[in-house]
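Residues per chain are reported as follows:
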Amino acid sequence: MLTVNDIHVYYGNIHALKGVSFQVNEGEIVALIGANGAGKSTTLKTISGMMHPRSGKITFLDEDITHTDAYKLPAKGLAQVPEGRRIFLQMTVMENLEMGAYIHKGKVPAEDFENVFSHFPRLKERRSQIAGTLSGGEQQMLAMGRALMSHPKLLMLDEPSMGLAPILVEEIFSIIQEFHAAGATILLVEQNAEMALQVADRAYVLESGSIALSGTGTELAQSDEIKKAYLGG
Amino acid sequence: MTFLNYLLSGISLGSIYAIIALGYTMVYGIAKMLNFAHGDVIMVGSYICFFAVSRFALPPVVGVLAAMAVCTVLGILVERLAYKPLRAAPSLAVLITAIGVSYFLQNGAQLLWTPNPKVFPSVVGNGRLALFGGQLTVSYVTLVTIASCVVIMIALTLFTGHTKMGKAMRACSEDKGAAQLMGINVNSTISVTFAIGSGLAAVAGVLLCSAYPNLVPTTGSMPGIKAFTAAVFGGIGSIPGAMLGGILLGVIEIFAKAYISTQLSDAVVFAVLIIVLLVKPAGLLGKKISEKV
Ligand SMILES: Nc1ncnc2c1ncn2[C@@H]1O[C@H](COP(=O)(O)OP(=O)(O)OP(=O)(O)O)[C@@H](O)[C@H]1O
Ligand SMILES: [Mg+2]
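Keep in mind that what you see is a predicted model, and the values were worked out from it rather than measured. (Residues numbered from 1 in each chain as written. Chains lettered and ligands numbered in written order. Predicted model: local features only at pLDDT ≥ 70, side-chain atom pairs only at ≥ 80, totals over all residues. Heavy atoms only, no water.)

**Let's talk about the confidence of the model for chain B**
Residue and element names in this part refer to chain B.
And step 1. Mean pLDDT over chain B: 91, with 97% of residues reaching 70 or higher.
And step 2. Segment residues 289–293 is flagged for pLDDT under 50; beyond a separation of four residues in sequence, or across chains, it makes 13 contacts in the model.
And step 3. Here the prediction assigns the complex a pTM of 0.90, and the interface score ipTM is 0.91. (pLDDT = per-residue confidence, 0-100. Contact = heavy atoms within 4.5 Å.)

In structure tokens:
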């Protein structure tokens, strides 16, 4: 579904991604783990068109999207929940969801909102509240709900567990599994390697801008290197 | 009754500032830049209306529409040619460019239309409405100005609050990156904002020149600066703030002229601005919602 082939990405002259290649097949949850500054967010930003690689190629659903403008990608079925959530803080919960459905022509069907509320009942209670007044966990839920509104074929999540209490982390991960059970394909970036490897079918480990390891979630969870570097043992 | 008269002229002048301030504030909200050429768009609009009505003897309504059309296109062009290439540049570079565009428009107007003042034909007529058995008279220009401001305020509130484009505009002014991830074309949203701001500037120009009929190539600069002040006063980036700031500024200016001193009125206006900003640095209605982690 998504193929990233040898991409090199720079911030000015900082070489952030040094030939990253991986792929995501339909129906999978693929995790991308790695330490701070490894290049995980850069990878997602490059896929979603917020940045463009200097060389290499990105293919999504058999289409070359390497240099496609970011705003054209949601209509092709790509959605990203960016790092730090980046919901529209001064807009209401409903308006945020409407923005998620921006590519939808005409009136957004009520079922789409209901679908989001079925995953996140708390958002329904708070539908007319200004998003900036939501708690951190609720904001994460809104960010995920907003991404669902475009009916993405591939959903990319950048550290959905960041800054959340353990109980909320569990909740967010079980929702990711709900999405998966409903047939969604997911590319998950996480620092919480333990949780990520539990839900992932396959995973890649990024280290200073290149893929250091890859395998199934279970394989990596048991590998000694991973245990030492990311799982605290 | 003189008090009421002053109040009405204050609200009327303030309405003009408010309409101009809307353009400043909307553009600032979305492009995070101070478009100092905005005042000169007012002047261009006034000239277009002047020529349409005085030279081509077109009905005033057509003159206003022509001014709006030309200014809308001008606003889009200025953004595309002067500001868009600087989207990633430091804000100082953009500011200097805006000042450059401002002088370009003023000098262009001098070249095309000469610096000699033109007497602007009021598009509303010079009648006055007598109220309270003639104790209070209000000119039609004043009434039309206030009414236009109210209509514009309502229309913009509906637009930004209830239309898809309006909401996309608010989304872009909060976070362009996130807006793009929703599929919003940020460049065209910015164009639409410039178009609306410049169309409103044309209306403001026509109203301004109907009240103060002396049209020269620098006609737009002082009202432009006042309206910018009004936008900051109300809280830059906030649409209701621009409205409130504009009207208050107009009222303060007229009262200062009437009761303190004509020469000092501008000083009074700016003193009030400074005091407000000391107490509320974000302006009257400016707000900052902090992000939760
Ligand atoms: N805007 C930027 N300008 C310059 N360098 C940047 C910028 N953003 C990221 N980098 C650099 O690129 C590298 C990869 O950053 P990236 O944000 O992709 O890391 P990450 O894996 O997502 O880290 P984290 O887990 O902390 O979010 C880092 O070395 C970082 O310093
Ligand atoms: Mg990151």
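**Focus: the coordination of the magnesium ion (ligand 2)**
Residues and elements named next belong to chain A.
And step 1. Around the magnesium ion (ligand 2), the protein supplies Ser41 (OG) and Glu83 (OE) as donor atoms, at distances of 1.9 to 2.4 Å. Remark: Glu83 occurs in the loop between strand 6 (78–81) and helix 2 (93–100) and Ser41 occurs in helix 1 (residues 40–47); sequence separation between them is 42 residues.
And step 2. Under the relative-accessibility criterion, Ser41 is labelled buried at 13%. (Donors = N, O, S within 2.8 Å, 3.2 Å for Na, K, Ca; no water. Helix = DSSP H or I, 4+ residues; strand = E, 2+ residues; numbered from the N terminus. Buried < 20%, exposed > 50% of the residue type's maximum accessible area, 1.4 Å probe, protein only.)

**Looking at the site of ligand 1**
All names here are of chain A.
And step 1. In the region of ligand 1, 14 residues are neighbours, and Asn36, Lys40, Ser41, Thr42 and Glu83 sit closest.
And step 2. The side chain of Gln191 places a nitrogen or oxygen atom 3.0 Å from an oxygen atom of ligand 1.
And step 3. Burial of ligand 1 by the protein amounts to 64% of the accessible area it has alone, namely 630 Å².
And step 4. Listed by contribution, the elements that provide at least two residues to the shell around ligand 1 are strand 2 (14–24) and helix 1.
And step 5. A total of three residues in the shell around ligand 1 trace back to one element, the largest contributor, which is helix 1. (Near = heavy atom within 4 Å. Polar contact = N/O pair within 3.5 Å; in protein donor to acceptor, adjacent residues only side chain to side chain. Areas by Shrake-Rupley, 256 points an atom, 1.4 Å probe, with all protein chains shown as cover.)

**Re the pattern of salt bridges**
All names here are of chain B.
And step 1. Scanning all chains against the criterion turns up 15 salt bridges over all chains.
And step 2. With a closest N to O distance of 3.1 Å, Lys226 and Asp266 form a salt bridge. Placement of Lys226 in helix 9 (residues 221–234) and of Asp266 in helix 11 (residues 265–279) is noted, with a sequence separation of 40 residues between them.
And step 3. Overall, Lys226 belongs to the buried group, its relative accessible area being 4%.
And step 4. Assessed through its relative accessible area of 26%, Asp266 is described here as partly exposed. (Salt bridge = Lys/Arg side-chain N within 4 Å of Asp/Glu carboxyl O.)

**Concerning the packing of aromatic side chains**
And step 1. Tallied over the full model, the rule gives 13 aromatic pairs over all chains.
And step 2. Considering the side-chain rings of A:Phe120 and A:Phe179, the 6.4 Å spacing of their centres and the 80° angle between planes classify their relative orientation as edge-to-face. In this pair, A:Phe120 is assigned in the loop between helix 3 (110–119) and helix 4 (121–125) and A:Phe179 in helix 6 (residues 166–181), connecting sequence segments 59 residues apart. Taken as a pair, A:Phe120 and A:Phe179 share a single burial class, namely buried.
And step 3. Pairwise contacts between aromatic rings join B:Phe3, B:Tyr6, B:Phe255 and B:Tyr259 into one cluster.
And step 4. Directly above the ring of A:Phe88 sits A:Arg146, whose terminal nitrogen or CZ lies 4.9 Å from the centroid. (Phe/Tyr/Trp six-rings, centres within 6.5 Å; stacked < 30°, edge-to-face > 60°. Lys NZ or Arg CZ within 6 Å of the ring centre and 35° of its normal.)

**Examining helix 3 of chain A**
All names here are of chain A.
And step 1. The complete set of buried residues in helix 3 reads Asp112, Phe113, Val116, Phe117 and His119. Buried residues of helix 3, seen end-on, are gathered within an arc of 160° and therefore sit on one face of the element. Away from the buried face of helix 3 by more than 90 degrees, exposed residues Ala110, Glu111 and Ser118 are located.
And step 2. For helix 3, the elements touching its buried residues are helix 2, helix 4, helix 5 (136–148) and helix 6. (Arc of directions from axis to C-beta.)

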